[in-house]
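What the coordinates show
What follows is the residue order along each chain.
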Amino acid sequence: MNATFVTLARNIDVWEVAKSIRRVEDRFNHNYNYDWVFLNNEDFNDEFKEVTSALISGKAKYGKIPEEHWSFPEFVDQERAAKVREDMKEKNVIYGDSVSYRHMCRYESGFFFRHPLMLNYDWYWRVEPGIELHCDIKYDTFRFMAEHKKKYSFVISLYEYIETIPTLWEVTKTFIKKFPEHIANGNSLKFVSDDDGENYNRCHFWSNFEIGDLNWLRSKPYIDYFETLDNAGGFFYERWGDAPVHSLAAALMLKKEEIHFFDEIAYFHNPFTHCPSNKQYRLANNCYCNPNENFDWQDYSCTARFYKLNNMVPVKDLNQH
Ligand code: GDP
Ligand code: MN
């Protein structure tokens, strides 16, 4: 498949990145040898390149992010943005006082899929530093996506902190009004709204894991959505995360069948675990996750809503333990 892993990282992240690569290689990529693209707002140093390329069975590529994709757009009022960061710091909003985190969220929302190193690929799998994979993955997940006409996927879903996105839904509603042709029939609006689109219920797919279709992100509907959001300034006047941005885009602009839940991919990113509910599957695939730590059916997860919307029956109801 024409696919690549993609990791955004700093040089200081090298050892946590190395851990993630080792997991991905041992559980999956040693059988497939897919490439891996690394992106950074600064130059990668020799240590980062040496350590990571030695671990990867495919080709490793290292790219620098152009300045204009990692900086404040001209129209952003710096005083207003600084005031927001101060207020959020006082309220202890997670990453609320960080400028770099905002650039990161904006980059992952609107630009990584347009980096020159990404343009030749059709599919991506996002990997963050410090993740775990607790089971073997014995099939080609990219091929699965293509063969089943999937465009976006997730393993963990949850509620967003409202302090980080107070006006995201209002701006999204202006997008829906302005571009009704971009809204899909049979979409997943019900996953993100409990009242037919009046309000956002804060559900989102956790975007530190994603396998997705790069051509969808590069399509006019997605770009129109990103530009509407970017022009509203909320990446800097609030602290919009790329997770709710990708999720709202997928929920509104894809058919519900085009979003896939990878139950088979056992995954940890601090602090949540997705452990496959099917015991038979765990025993057959060298899994070591504790099913009691599975986040899917806990109160703060949105995955039960996804099951309901798609008429899926949780395996836990059938044969857990
Ligand atoms: P969290 O998962 O939301 O706690 O945030 P992370 O610290 O894991 O950051 C998300 C992703 O962006 C990870 O892949 C980080 O390596 C990357 N990242 C975060 N901040 C920066 C930054 O300032 N520069 C670069 N190059 N990557 C960053
Ligand atoms: Mn992370």
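Residues numbered from 1 in each chain as written. Chains lettered and ligands numbered in written order. Predicted model: local features only at pLDDT ≥ 70, side-chain atom pairs only at ≥ 80, totals over all residues. Heavy atoms only, no water.

Labelled according to an unreviewed UniProt entry, the chain appears under the name Alpha 1,2-mannosyltransferase 2.4.1, originating from Curvularia kusanoi.

What to know about the state of the cysteines
Summed over the entire model, instances satisfying the criterion amount to three disulfides. Covalent S-S linkage joins Cys 135 and Cys 287, the inter-sulfur distance amounting to 2.0 Å. Handedness of the Cys 135-Cys 287 disulfide follows from its S-S torsion of about 115 degrees: it is right-handed. One end of the pair, Cys 135, is in the loop between strand 5 (132–133) and helix 5 (141–147); the other, Cys 287, is in the loop between helix 12 (279–284) and helix 13 (303–309), and 152 residues separate them in sequence. Overall, Cys 135 belongs to the buried group, its relative accessible area being 1%. One disulfide bridge connects Cys 275 with Cys 289, the sulfur atoms lying 2.1 Å from each other. The chirality of the disulfide connecting Cys 275 with Cys 289 is right-handed, given an S-S dihedral of about 75 degrees. Of the two residues, Cys 275 is situated in the loop between strand 12 (272–274) and helix 12 and Cys 289 in the loop between helix 12 and helix 13; the sequence distance between them amounts to 14 residues. Accessibility assignment for this pair places Cys 275 and Cys 289 in one class, buried. Note on Cys 105: no disulfide assigned, nearest cysteine sulfur contributed by Cys 302 at a separation of 18 Å. (Disulfide = S-S within 2.5 Å. Helix = DSSP H or I, 4+ residues; strand = E, 2+ residues; numbered from the N terminus. Buried < 20%, exposed > 50% of the residue type's maximum accessible area, 1.4 Å probe, protein only.)

Some points on the pattern of salt bridges
All told, the structure shown has 18 salt bridges when counted by the stated rule. One salt bridge in this structure joins Asp 26 and Arg 22, with 2.7 Å as the shortest N-O distance. With a gap of four residues between them, Asp 26 and Arg 22 both fall in helix 1 (residues 14–27), about one helical turn apart. Overall, Asp 26 belongs to the partly exposed group, its relative accessible area being 42%. For the salt bridge of Arg 126 with Glu 128, the shortest nitrogen-to-oxygen distance reads 2.8 Å. (Salt bridge = Lys/Arg side-chain N within 4 Å of Asp/Glu carboxyl O.)

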